[in-house]
Amino acid sequence: MNSDNFYTTTGCLFDYILSYFQKTGKDLPVPLALKTMKEAGMLTREKPPVPSYVSGIGAQEFREFVRSMPLDASQLIRTLPNESPDLEQDIFPPGKDVFCFMHMPYTGRAQHVHDYFEISYVPWGKCIYYFEGERVILNAGDIVIASLHARHEVSPDPDGMVAAMVVRKSTFQAVFGKFLSRSDLVSLFFRKCLQEQGGPNFVLLHTENEPDLLRTLHELFYESNLSDDYSNDSAISLMSLFLIRALRSSATNMTLHHYEGYSGSDLEFSIILHYIQQ
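Presented here is a report on the structure given in the accompanying data block. (Residues numbered from 1 in each chain as written. Predicted model: local features only at pLDDT ≥ 70, side-chain atom pairs only at ≥ 80, totals over all residues. Heavy atoms only, no water.)

**Brief notes about unusual backbone geometry**
The phi dihedral of Tyr106 is positive, around 55°, even though this residue is not glycine. Inspection of the secondary structure assignment puts Tyr106 in the loop between β3 (98-102) and β4 (117-124). Residue Tyr106 is classed as partly exposed on the basis of its relative accessible area of 26%. Although it is not a glycine, Asn209 adopts a positive phi angle of roughly 55°. Tracing the sequence through the fold places Asn209 in the loop between β10 (202-206) and α8 (211-224). (Helix = DSSP H or I, 4+ residues; strand = E, 2+ residues; numbered from the N terminus. Buried < 20%, exposed > 50% of the residue type's maximum accessible area, 1.4 Å probe, protein only.)

Shown next, in the form of structure tokens:
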């Protein structure tokens, strides 16, 4: 373990940012919040343990499970003064190709871009999603996947929860080939993203918030925060399962926004084929 690292938990960071907002009425970026916590002696040198996985827990119990997750504060503090972890090296722990965390409210993050895939899922509550100047309300069960290098921002309700699953671009291209070879809207979206041919766009999936989807998210959070020899491979497999279950759950209720960079023939073929498949 790096002796120069400092740690906290997701819940401690969440509570600190919320308390700061309630006292000052101002937002507080995550890296700056962690720097301030470090200066106040609120961080530890010892990494908190990953909470034990318990199958079949409810939504509120899952929230507490995520709040107990350890957080490497030093990795995020190093992104200052940019105050925005927008590169793979800033957000992914060493040796991880898939990682999960919880979006924080009141961080005042401007619309930003990054070079990895981010999948945002609202298990419950609401969230405002800003994309290239557009404002979209996400409700419980909604999943949004933004194209690479597109300007966006996630602004969650403090009483709800927005889970973020991030995947390295190279990993997605190498591992999730099944999502590139199909002839539907989502496959078209991923192909255009990886080829960097399409303009800013995002896929919005309206799922049924089925128990299987929530359970897979729970397992994915657990595995992506472990550090044994099997955790990364397990997280990659669970990420694939989550995407499959999300696509199945939203098969008749998904939309592709912002068609810049898509030819008329691309869209016409994919939309017609998607309709026929349904």
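After presenting the structure, the write-up continues.
**Considering helix α1 (residues 10-24)**
With 15 residues, α1 extends 21 Å between its outermost C-alpha atoms, agreeing within 8% with the 21 Å of an ideal straight helix rising 1.5 Å per residue. Along α1, the positions that sit buried rather than exposed are Thr10, Gly11, Leu13, Phe14, Tyr16 and Ile17. Where α1 terminates, the next one or two residues include Gly25, which has phi positive at roughly 75°. (Expected span 1.5 Å × (residues − 1).)

**What to know about the packing of aromatic side chains**
Tallied over the entire structure, the rule returns 11 aromatic pairs. Taking the centre distance of 6.4 Å and the plane angle of 35° together, the rings of Phe99 and Phe101 count as tilted. For the pair Phe131 and Phe202, a centre-to-centre distance of 4.7 Å together with 55° between the ring planes defines the contact as tilted. Taken together, the residues Phe131 in strand β5 (residues 127-131) and Phe202 in strand β10 connect sequence positions 71 residues apart. The same class applies to Phe131 and to Phe202, which are both buried. Ring pairing ties together the aromatic residues Phe62, Phe65 and Phe221, which thus form one cluster. Positioned above the aromatic ring of Phe92 is the side chain of Arg168, whose terminal nitrogen or guanidinium carbon lies 4.5 Å from the ring centre. (Phe/Tyr/Trp six-rings, centres within 6.5 Å; stacked < 30°, edge-to-face > 60°. Lys NZ or Arg CZ within 6 Å of the ring centre and 35° of its normal.)

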